Structures are given as C-alpha cells and as structure tokens.
Amino acid sequence: MQSTQTVQSAAPSTTQSAAPSATQSAALPPRPEAAAAGAPRPAPPAQTPAARGETGARGRYTVQVGTFTIPENAQRLAADLSRRGFEAYVVDWTHTDGGAWKAVRVGRAANEAEARGLASRLSAEANLRGDIIRLR
C-alpha cells in the first residue's frame, strides 16, 4: 500500500506563491510620471498556472519515482521515462537536513485514485515503485 505525502509543488521554473511579486507590473499602480506623460504601460508577462504555483483541476497529485543527489542521474531517469511515454519531470527538493536533491516525478493527476493508477502503470511498464505525492 502506498502512502500519500503532502508536499509543496516544486515544478521546474515555478514560484510557490500565488501572490504577485514586486516585479509584476499588473499588481502595481501606474507610476505618476508615466500616467502624466500618457505613456502606455507595458503588458505584464503572461504566466501559466504552474508559474503562479497553482495546480488547477489536473495536477493535485503526482507520483515520485526517485530522489537523487547527482542531477545527471535524475535527468537520465526522467529522459528514459519520457521516451517510454510518461510525463516525467525533475524538481528541486530540499531534505529536512538541508541537503539538496533532485526528485523525479511523473504525471499530474486530478485525484488520488488516478495517481494510484499511474503508479500501477509505472510498476508494470517501467518496474518502478512510486510514492503518491499530494501537491499544494
């Protein structure tokens, strides 16, 4: 039986806070000098839900198949799984002792049952045991 762990999502190139940062111009009021000059404000950079740290309807769960201290080993496993048709990706993970690791995760599932199905498929097709992770 697999356990469900709750962790904070750390998808590649994402921010964990859904709150806009100081660099996002959409969250800042127009500068008085720009408004006075009638200069148009530049459009804020587009962000995907993942970049805002959101998981959306799909993506509340994932399956973690390994953690590595050597980044190349994590990349190699993710590439192998991708060649086999899995949605594999590598995330940074920090252990409670402060050690830096790379975690290989597979897929984004809307619910725990879907994630269990993905873990079963990984076991059957790639001979990997995975842990179901609930993303925040």
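**A look at unusual backbone geometry**
Phi is mostly negative for residues that are not glycine, and the peptide bonds are mostly trans.
Next, step 1: Located in the positive-phi region is Asn127, a residue other than glycine, with phi close to 55°.
Next, step 2: Residue position: Asn127 is located in the loop between helix 3 (112-126) and strand 5 (131-135).

**Brief notes about the nonpolar core**
General note: in soluble globular proteins, nonpolar side chains tend to be found buried as a group.
Next, step 1: Val65, Leu81, Phe86, Val104, Val106 and Leu122 are the most contacted members of the largest nonpolar core, which totals 16 residues.
Next, step 2: Residues contacting Phe86, with those up to four places away along its chain left out, are Leu81, Val106, Leu118, Arg121, Leu122, Glu125 and Ala126.

**Re the pattern of salt bridges**
Next, step 1: Following the criterion strictly, the structure yields 6 salt bridges and no others.
Next, step 2: A salt bridge links Asp80 to Arg84; the shortest N-O distance between them is 3.3 Å.
Next, step 3: On the accessibility criterion, Arg84 (40% relative accessible area) is partly exposed.
Next, step 4: Residue Arg129 is joined to Asp131 by a salt bridge in which the shortest nitrogen-to-oxygen separation is 3.1 Å.

**Describing the side chain of Thr62**
Next, step 1: Summarising the element assignment, Thr62 is placed in strand 2 (residues 61-68).
Next, step 2: By relative accessible area, Thr62 is classed as buried at 1%.
Next, step 3: Reaching out from Thr62, the side chain makes a polar contact with the backbone oxygen of Val106 at a distance of 3.0 Å.
Next, step 4: Polar side-chain contacts of Thr62 include one of 2.7 Å to the backbone oxygen of Gly107.
Next, step 5: Excluding anything up to four places from it in sequence, Thr62 contacts Tyr89, Arg105, Val106, Gly107, Asp131, Ile132, Ile133 and Leu135.

**Remarks on the environment of Asp131**
Next, step 1: Its place among the elements puts Asp131 in strand 5.
Next, step 2: Excluding residues that lie within four positions of it along the chain, Asp131 makes contacts with Thr62, Val63 and Gln64.
Next, step 3: Of the polar contacts made by the side chain of Asp131, one reaches the side chain of Arg129; its length is 3.1 Å.

**As for the pairing of strand 4 (residues 100-109)**
Next, step 1: In this structure, strand 2 lies alongside strand 4, joined through 6 bridges in antiparallel fashion. Looking at the pairing, Thr67 lines up with Ala103 of strand 4.
Next, step 2: As defined by bridge partners, strand 3 (residues 88-94) adjoins strand 4 across 7 bridges and the pair is classed as antiparallel. Of the residues in strand 4, the one forming a bridge with Ala88 is Val106.
Next, step 3: Once strand 3 ends, the chain turns through 5 residues before running back antiparallel as strand 4, passing Gly98 with a positive phi of about 95°.

**Structural notes on the side chain of Gln64**
Next, step 1: Along the chain, Gln64 turns up in strand 2.
Next, step 2: Sequence-distant contacts of Gln64, that is, excluding residues within four places in its chain, are made with Ala103, Val104, Arg105, Arg129, Gly130, Asp131 and Ile133.

**Let's talk about the confidence of the model for the protein**
Next, step 1: Here the protein averages 73 in pLDDT, while 57% of its residues score no lower than 70.
Next, step 2: Across residues 6-36, where pLDDT falls below 50, the model places 43 contacts with residues more than four positions away in sequence or in other chains.
Next, step 3: In the predicted structure, residues 41-57 sits below a pLDDT of 50 and forms 24 contacts with residues beyond four places in sequence or in another chain.

The rules we used
- Residues numbered from 1 in each chain as written.
- Predicted model: local features only at pLDDT ≥ 70, side-chain atom pairs only at ≥ 80, totals over all residues.
- Heavy atoms only, no water.
- Helix = DSSP H or I, 4+ residues; strand = E, 2+ residues; numbered from the N terminus.
- Core = buried A, V, L, I, M, F, W, Y, C linked by side-chain atoms within 4.5 Å.
- Buried < 20%, exposed > 50% of the residue type's maximum accessible area, 1.4 Å probe, protein only.
- Contact = heavy atoms within 4.5 Å.
- Salt bridge = Lys/Arg side-chain N within 4 Å of Asp/Glu carboxyl O.
- Polar contact = N/O pair within 3.5 Å; in protein donor to acceptor, adjacent residues only side chain to side chain.
- Pairing = 2+ DSSP bridges.
- pLDDT = per-residue confidence, 0-100.

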